[in-house]
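# A structural walkthrough
As a plain string of letters, each chain reads:
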There are 2 protein chains.
Amino acid sequence: VSLFLDFKDCIFARRDTRHFLPDAVPEKVLLEAFEAAHCAPSVGLSEPWRFVVVESQSTRKVIYDNFLNVRNRAQEQISSSEALRIFSSLKLEALRDAPVIVGVFCEMPPPETFTIGVQGTLDTVTWSCACAIQNFWLSLTNQGYSAGWVSILDFEVLSAALNIPNTWKPMGIMCVGKPATNYDKQPMLQKLNWKTRSLNPVVIKV
Amino acid sequence: VSLFLDFKDCIFARRDTRHFLPDAVPEKVLLEAFEAAHCAPSVGLSEPWRFVVVESQSTRKVIYDNFLNVRNRAQEQISSSEALRIFSSLKLEALRDAPVIVGVFCEMPPPETFTIGVQGTLDTVTWSCACAIQNFWLSLTNQGYSAGWVSILDFEVLSAALNIPNTWKPMGIMCVGKPATNYDKQPMLQKLNWKTRSLNPVVIKV
């Protein structure tokens, strides 16, 4: 069942959510979101997306500590005091409080196999995973849920914590749940005065 | 106006299209697709997507020659004669015949600026662009059009042909138009016997 009768409304309503209600996410909702992810385009039909649902509370704690370390190091790079004030006040993840957290990894094709489309750059494989993440996110939005993509992490430490093989490239953690706010229909970083959205995309003609 | 009343139908119907009808793509359709792209999530609200609509026929020719060179080199890496036979028969782009072709580039943030979320990897910026490409593609699908992502290209040669600044990382060319086929509701590479889709995504719990 779609929450949005109009497809465009769903695209517009999707938010990078950091504030969730405590409501559980039904298994059915997650399955539908994973099914949408699996409909993403993939370079050479590589289907490289791998999802790791983190159920262990102790592993959550390790991931949160990982985030805190990287965030604290990042903070030292901010020179403007006003930027530092805003940055310090931002909630940039929901690793402890989101009902569900999902690690996303990209399994790189073995070097000896021939994959159509990676000739320009092997990065196309991770771009396929990003498309899967976007489908996952839109499906959650369509079902009345949302997600937040956390990438302020030491990715090597993340892979080690989850015992991920080194052929799986980490892409971050998706925090999933029912949103507590839609940030007045704008990106959270705009609502909280970090940065303003541009009105239109850059499109040039040659 | 949505072609699909159900959001899921649109996600399922999106295809990587290489076979287009000659029908023109109305400006309105493209604008709506760019608007959808601009609703994508972006790391630190960087909005790094840059679209280049290629109107020059001579530039199209240069891009097609670029593709041919890279495709021919790739072909030499295929050892199995059966794989070579199938590969040789595949239409992997629509650079000459798609009504519209659009280069997608990712403007990397200047090293001196602080961007939230790139601390794990700067690749997150290109992942934002991939999400924008997916929104663009879904919007076209929703409007009765489609796209094909061409990445069998020498990206440096592509940037030079389009006179793109070196801070814009090339992500490929989207061929856009009205699809001539839906490949029987499956990926073209499966329909044409290159590779079989897996039934379900890999989801593990830890």
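Up top you'll find the structure we're talking about.
So, here is what we can say about the structure in this document. (Residues numbered from 1 in each chain as written. Chains lettered and ligands numbered in written order. Predicted model: local features only at pLDDT ≥ 70, side-chain atom pairs only at ≥ 80, totals over all residues. Heavy atoms only, no water.)

When its secondary structure is counted, chain A shows 7 helices and 5 strands. Secondary structure elements in chain A, listed N-terminal to C-terminal, are α-α-β-α-α-β-α-β-α-β-α-β. Radius of gyration (C-alpha) of chain A: 18 Å, near the 17 Å computed for a compact globule of 206 residues. The C-alpha extent of chain A, read off along each of the three principal axes, is 50 × 45 × 40 Å. Looking at chain A alone, contacts between residues at least 24 apart form 80% of all its contacts between residues at least 6 apart. Distance from the positive charge centre (20 side chains) to the negative charge centre (20 side chains) of chain A: 8 Å. (Helix = DSSP H or I, 4+ residues; strand = E, 2+ residues; numbered from the N terminus. Rg over C-alpha atoms; globule rule 2.2 N^0.38 Å. Contact = heavy atoms within 4.5 Å. Lys, Arg positive; Asp, Glu negative; His and termini not counted. Charge placed at Lys NZ, Arg CZ, Asp CG, Glu CD.)

Now for the pattern of salt bridges. Across all of its chains, the model carries 22 salt bridges over all chains by this definition. Here A:Lys191 ties to A:Asp184 by a salt bridge, and the two come within 2.5 Å at their closest N and O atoms. Look at the salt bridges and you will find they share partners, linking A:Glu27, A:Glu55 and B:Lys205 into a network. (Salt bridge = Lys/Arg side-chain N within 4 Å of Asp/Glu carboxyl O.)

Below, the discussion takes up the sheet that holds strand β4 (residues 168-177) of chain A. One open sheet holds the 5 strands; their spatial order is β3(A)-β4(A)-β2(A)-β1(A)-β5(B), and the pairing between them is mixed. Looking at the sheet topology across the chains shown, the edges are occupied by β3 (146-150) of chain A together with β5 (202-205) of chain B. In this sheet, neighbouring strand axes are inclined to one another by 25° on average, regardless of whether the strands run parallel or antiparallel. In the packing of helix α6 (residues 155-162) of chain A onto the sheet, the strands contacted are β1 (49-53), β2 (100-107) and β4 of chain A, and the crossing angle to β4(A) comes to about 80°. (Pairing = 2+ DSSP bridges. Axes fitted to C-alpha atoms, helices over the stretch in contact; angles between N-to-C directions.)

Attention shifts here to the environment of B:Pro187. By the element assignment, B:Pro187 lies in the loop between β4 (168-177) and α7 (188-191). Along the backbone, B:Pro187 and B:Phe155 are 32 residues apart, and their C-alpha atoms lie at a distance of 25 Å.

Further remarks concern the interface of chain A and chain B. Counting residues at the interface gives 83 residues for chain A and 83 residues for chain B. Between chain A and chain B lies a buried interface of about 7100 Å² when both sides are counted; carbon and sulfur atoms form 66% of it. Three residues, A:Phe7, A:Trp127 and A:Val206, lead the burial of chain A against chain B; their summed loss comes to 11% of the area buried on that side. One can count 10 salt bridges joining chain A with chain B. Applying the counting rule to chain A against chain B returns 34 residue pairs in polar contact (both at pLDDT 80 or more). For the side of chain A that touches chain B, the element with the highest residue contribution is helix α5 (residues 123-142) of chain A, accounting for 12 residues. A class-by-class count of the residues in the side of chain A that touches chain B yields 48 nonpolar, 21 polar and 14 charged. Summarising the sheet, strand β5 (residues 202-205) of chain A and strand β1 (residues 49-53) of chain B pair through 4 bridges and their orientation is parallel. By the bridge assignment, A:Ile204 is partnered in β1(B) with B:Val52. (Buried area = accessible area lost by both parts, 1.4 Å probe. Polar contact = N/O pair within 3.5 Å; in protein donor to acceptor, adjacent residues only side chain to side chain. Nonpolar A, V, L, I, M, F, W, Y, C, P; charged D, E, K, R; others polar.)

All names here are of chain A. You can see Val104 is positioned in strand β2. On a C-alpha basis, the gap between Val104 and Cys129 in space is 8.2 Å, while along the polypeptide they are 25 residues apart. Setting aside chain neighbours within four positions, we find Val104 in contact with Arg50, Phe51, Ile133, Lys169, Pro170, Met171, Gly172 and Met174.

If you rotate chain A by 180° and push it 0.0 Å along the axis, it lands on chain B with an RMSD of 0.0 Å. The relationship between the two copies is best expressed as a two-fold rotation axis. Taken together, the interface assignments show that 100% of the residues at the interface of chain A recur at the interface of chain B, consistent with an identical surface on both copies. (Least-squares fit on C-alpha atoms with pLDDT ≥ 70 in both.)

A separate point is the packing of helix α2 (residues 27-37) of chain A against α5(A). Residue and element names in this part refer to chain A. The contact between α2 and α5 brings their axes to 7 Å, and the two run at 145°. As α2 packs across α5, the resulting crossing turns out to be right-handed. Note on element contacts: α5 touches α2 through Ala132, Asn135, Phe136, Ser139 and Leu140, opposite Val29, Leu30, Glu32, Ala33, Phe34, Ala36 and Ala37. Of the residues that constitute the contact of α2 with α5, the class distribution is 9 nonpolar, 2 polar and 1 charged. (Left-handed = near helix turned anticlockwise from the far one by under 90°.)

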